[in-house]
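# Coordinates in review
Chain residues, written in single-letter form:
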Amino acid sequence: MKKYFKVLALVLVLVFAAAIFMTACGSKDSSDNGSSAAASSSVATAPAKLITVGFSQCKADESDWRKANTKSVQDALSEANGFKLIMADSNNDAAKQVSDVQGFIDQDVDYIIIAAVNADGWDTVLGNAKTAGIPVILMDRTINASEDLYNCWLGGGFYKEGTKATDWIAKTFPDKTKTVNIVDIQGQLGASAQVGRSQAIDDGVKANSNWKLLARQTGNWSTDTAKEIMTSWIQQYGDKIDVVYAENDNMADGAMQALTEAGKKVGGKDGIKIISFDANKAYLQRVLEGKINVDVECNPLLGPGVAALIKKIEGGGTPNKKESVDESAFYFDTITQADIDARQY
Ligand code: AHR
């Protein structure tokens, strides 16, 4: 029996020792795993190289629309999304913008995004970008350069936006015997948004002999400038003005302020008709109130689309030369609060 218990005790000691040994091994393994996992994860989690993007914005705060656009790009091209964004604000100075882009080329960024102040003057610097092998994506604004000087463009259709407004004028003023006096507060001259929207009203006037373009002037996308211009037109033309064609929301705001201060009836069925572009949420409220008759959307939320285009090119893909975003229009007699609540900008 003694011998029997000795053997049993020995076995138990051995089993117990083995158990202690195994556990020690197990924790070592996890640390191993940890270390090997850490090693492998340290290998696995080495941060992927950020894609460096030079973003040339025309004027980051030139309008409510532009502020939404700038934020959309900054949010989409974040470090968390794998990007290093370098923004240069050209302050609506076309010459500065071209040198900003040359600066990006000299810095050898991976991609260049351009919201062009002016449609002209891009051949040389885009030629340099091409020679340097840096893909160029145009955002929002188009340019007058040959298409092989940039990879693609993403944005809205400015001329088409304008035709939505002229279609509404034609429907609202069906009596061809009555003159329709229109004033046009233009965007910054030379910007493709201004060129497209101004061309649309020009073509509307050409196509409708009773439409008269009473006056036009650039308000440089600004509320205050538009207010000054409208104040002087009210003195010049008094009650002759039937339609204000303001090429963005901020300028429509300036025009409405001047008209209201001059005691003029604004909007609705029997006021001076207000046409605007951008459809920022705050201004759609004015459409609902009947102050703005038509607000044609121009979508500023282009950041995610630009990020997707870069990832496509990174992956060896070739995007379409033109990628246009969907845009709608809002009318004072059909808009709903739900339309406004659904807006992201
Ligand atoms: O390019 C789009 C135009 O630029 C917007 O209509 C205007 O508000 C902005 O500043």
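The structure displayed is predicted, hence computed values, not measured ones.

## So, the sheet that holds strand E7 (residues 211-218)
The strand order E7-E6-E8-E9-E10-E12 describes an open sheet built from 6 strands, whose pairing is mixed. Edge positions in the open sheet fall to E7 and strand E12 (329-331), since each of these has one partner strand only. Direction aside, the axes of adjacent strands within the sheet are offset by 15 degrees on average. Inspection of the sheet shows strand E6 (residues 180-186) paired to E7 by 7 bridges, in the parallel sense. Residue pairing across strands places Ile 182 opposite Leu 213, the latter belonging to E7. In this fold helix H5 (residues 158-172) packs onto E6, E7, strand E8 (243-246), strand E9 (273-278), strand E10 (294-297) and E12, with an angle of close to 160 degrees to the strand it touches most, E9.

## What about the sheet that holds strand E2 (residues 83-89)?
Taken together, 6 strands build an open sheet; the order of strands is E2-E1-E3-E4-E5-E11 and the sheet is parallel. Only two strands of the sheet have a single partner each, and these edge strands are E2 and strand E11 (322-324). Adjacent strand axes in the sheet meet at a mean angle of 20 degrees, parallel and antiparallel pairs treated alike. Bridge count between strand E1 (residues 51-57) and strand E3 (residues 111-114): 4 bridges; the pairing is parallel. Each residue of the ladder has a partner; that of Ser 56, found in E3, is Ile 114. Those strands touched by helix H2 (residues 64-76) are E1, E2 and strand E4 (136-139), and its axis lies near 155 degrees from that of E2.

## Side note on the packing of H5 against helix H6 (residues 192-207)
At their nearest, the axes of H5 and H6 sit 7 Å apart, and the two run at 35 degrees to each other. Handedness of the H5/H6 crossing: right-handed. Contacts from Phe 158, Tyr 159, Glu 161, Gly 162, Thr 163, Thr 166 and Ile 169 of H5 reach H6 at Ser 192, Ala 193, Gly 196, Arg 197, Gln 199, Ala 200, Ile 201, Asp 203 and Gly 204. Looking at the contact of H5 with H6 residue by residue, the class counts come to 6 nonpolar, 7 polar and 3 charged.

## Let's talk about the side chain of Ser 90
Considering the arrangement of structural elements, one finds Ser 90 in the loop between E2 and helix H3 (94-106). The contacts of Ser 90, once residues within four sequence positions are left out, are Gln 57, Cys 58, Lys 96, Gln 97, Asp 100 and Val 117.

## Brief notes about the environment of Ile 143
As for its placement among the helices and strands, Ile 143 is situated in the loop between E4 and strand E5 (152-155). The exposure class of Ile 143 is buried, given its relative accessible area of 8%. Taking the C-alpha atoms as reference points, Ile 143 and Asp 120, separated by 23 residues in sequence, lie 6.2 Å from one another. Apart from residues lying up to four places away in sequence, Ile 143 is in contact with Ala 116, Asn 118, Ala 119, Trp 122, Leu 126, Leu 138 and Tyr 150.

## Looking at the side chain of Gln 97
For Gln 97, the location among the structural elements is in helix H3. Excluding residues that lie within four positions of it along the chain, Gln 97 makes contacts with Ser 56, Gln 57, Cys 58, Ser 90, Ile 114, Ala 115, Ala 116, Val 117 and Trp 122.

## Overview of the site of the ligand
Around the ligand sit Glu 62, Ser 63, Trp 65, Arg 66, Asp 140, Arg 141, Phe 158, Ala 193, Arg 197, Trp 221, Asn 248 and Asp 278, and that is every residue in its neighbourhood. Between the ligand and Arg 141 there is a distance of 2.6 Å, counted from an oxygen atom to a side-chain nitrogen or oxygen. Summarising the interface, the protein chains cover 100% of the accessible area of the ligand, which totals 280 Å² for the free molecule. Those elements giving two or more residues to the shell around the ligand turn out to be H2 and H6.

## Examining helix H9 (residues 281-288)
Every buried residue belonging to H9 is among Tyr 283, Leu 284 and Val 287, and all of these are buried. When H9 is viewed along its axis, its buried side chains cluster within an angular range of 105 degrees and face the same direction. Two residues or fewer past H9, Gly 290 is found with a positive phi of approximately 85 degrees.

## Structural notes on the nonpolar core
In a soluble, globular protein the nonpolar side chains are often hidden away together inside. Among the nonpolar cores identified, the biggest contains 55 residues, and Ile 169, Met 230, Trp 233, Ile 241, Val 244 and Ile 275 are the most heavily contacted of them. Other than its neighbours up to four places away in sequence, Met 230 contacts Ile 241, Val 244, Ala 255, Ala 258 and Leu 259. Judged by nonpolar contacts, the second largest core, of 22 residues, contains Ala 76, Cys 152, Leu 302 and Ile 313.

Definitions and limits used
- Residues numbered from 1 in each chain as written.
- Predicted model: local features only at pLDDT ≥ 70, side-chain atom pairs only at ≥ 80, totals over all residues.
- Heavy atoms only, no water.
- Pairing = 2+ DSSP bridges.
- Helix = DSSP H or I, 4+ residues; strand = E, 2+ residues; numbered from the N terminus.
- Axes fitted to C-alpha atoms, helices over the stretch in contact; angles between N-to-C directions.
- Contact = heavy atoms within 4.5 Å.
- Left-handed = near helix turned anticlockwise from the far one by under 90°.
- Nonpolar A, V, L, I, M, F, W, Y, C, P; charged D, E, K, R; others polar.
- Buried < 20%, exposed > 50% of the residue type's maximum accessible area, 1.4 Å probe, protein only.
- Near = heavy atom within 4 Å.
- Polar contact = N/O pair within 3.5 Å; in protein donor to acceptor, adjacent residues only side chain to side chain.
- Areas by Shrake-Rupley, 256 points an atom, 1.4 Å probe, with all protein chains shown as cover.
- Arc of directions from axis to C-beta.
- Core = buried A, V, L, I, M, F, W, Y, C linked by side-chain atoms within 4.5 Å.

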